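An overview of the molecular structure
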Amino acid sequence: MPNFLRRLRRKNMNSKYLKYAIGEIALVVVGILVALEVNNLNQSRKDRATETVWLESLKEELKADTAWVNWYYTSRYDMKVKGLTQAKNYYQGVFSPTDTTDFLKNVQIGAVYGYGLWQMSKSTYYNIVNSGGLEKIKNPQLQKQIVEYYSWTDALVSASKEYVTGYVNKINSLRSFDLNNPEELSSFDKNYMLDYIKTQTFYELTNSELTLGHRLNDFAKTTNQMAVELIKSIKSELD
């Protein structure tokens, strides 16, 4: 066979091998891309499933938060203000109790939530943050809303402590109080308590406790409003 034919044949074979090699490379690249896309889709599904579980759990904890705030603060606000206001009016001489025992019980009830406690449910949020999974909340606005709510509830603790007056400890030092027998009150303790309520020291303490009551009630309203709005956003994201 002439040399030029051999060279032509060799050239054709090299060309075929080159095309074959390019085809193989293309198939490998396509396979890798498909595998990556499948992996991404699987990861996205896993992330979405994790996000759904977290959001459902957050929603339930937020409901627990609102229920606790309503019971601990909102539902007892009026009775707190009533007891403290009666104490002020008694000091001012514009209120004379017809039932002394009931009056002193109301004054003691003025001490409710005087420690400024906030028992919020945060286990799911801490789990999300500690696992570095906050970015799995795909909606950036919802992510921001979640962070703002829990930052607010963290700040509540220190902010509320600024208003704590010591009224709880003082009122408990004036009389022993048994929840199972709230009417129990000796004549000596009754008179001692009535005399102390008439002092300027107690009057000023009562004003401070009223300030705490109003402030914490405002905190409670804001907390519940934020919680309700966040629950709505979570429901919208889950639907």
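What counts, and at which threshold
Residues numbered from 1 in each chain as written. Predicted model: local features only at pLDDT ≥ 70, side-chain atom pairs only at ≥ 80, totals over all residues. Heavy atoms only, no water. Helix = DSSP H or I, 4+ residues; strand = E, 2+ residues; numbered from the N terminus. Buried < 20%, exposed > 50% of the residue type's maximum accessible area, 1.4 Å probe, protein only. Phe/Tyr/Trp six-rings, centres within 6.5 Å; stacked < 30°, edge-to-face > 60°. Lys NZ or Arg CZ within 6 Å of the ring centre and 35° of its normal.

**Here's the deal with unusual backbone geometry**
Residue Tyr-113 is not a glycine yet carries a positive backbone phi of 45 degrees. Considering the arrangement of structural elements, one finds Tyr-113 in the loop between helix H2 (100-109) and helix H3 (123-130). With a relative accessible area of 2%, Tyr-113 lands in the buried category.

**Considerations on the packing of aromatic side chains**
What the rule picks out here adds up to 19 aromatic pairs. Ring geometry for Tyr-149 versus Tyr-150: centroids 4.9 Å apart, planes at 90 degrees, classification edge-to-face. Per residue, the accessibility class of Tyr-149 equals that of Tyr-150, and both read buried. An angle of 75 degrees between the planes, with centres 6.4 Å apart, marks the rings of Tyr-163 and Phe-219 as edge-to-face. Of the two residues, Tyr-163 is situated in the loop between helix H4 (140-161) and helix H5 (167-174) and Phe-219 in helix H7 (residues 200-238); the sequence distance between them amounts to 56 residues. Assessed through its relative accessible area of 7%, Phe-219 is described here as buried. Counting every residue linked through ring pairs, the aromatic cluster contains Trp-68, Trp-71, Tyr-72, Tyr-73, Tyr-113 and Trp-118. If you follow Lys-198 out to its NZ or CZ, it ends over the ring of Tyr-90, 4.7 Å from the centre.

Remember that the coordinates give geometry; whether it matters functionally is a separate question.
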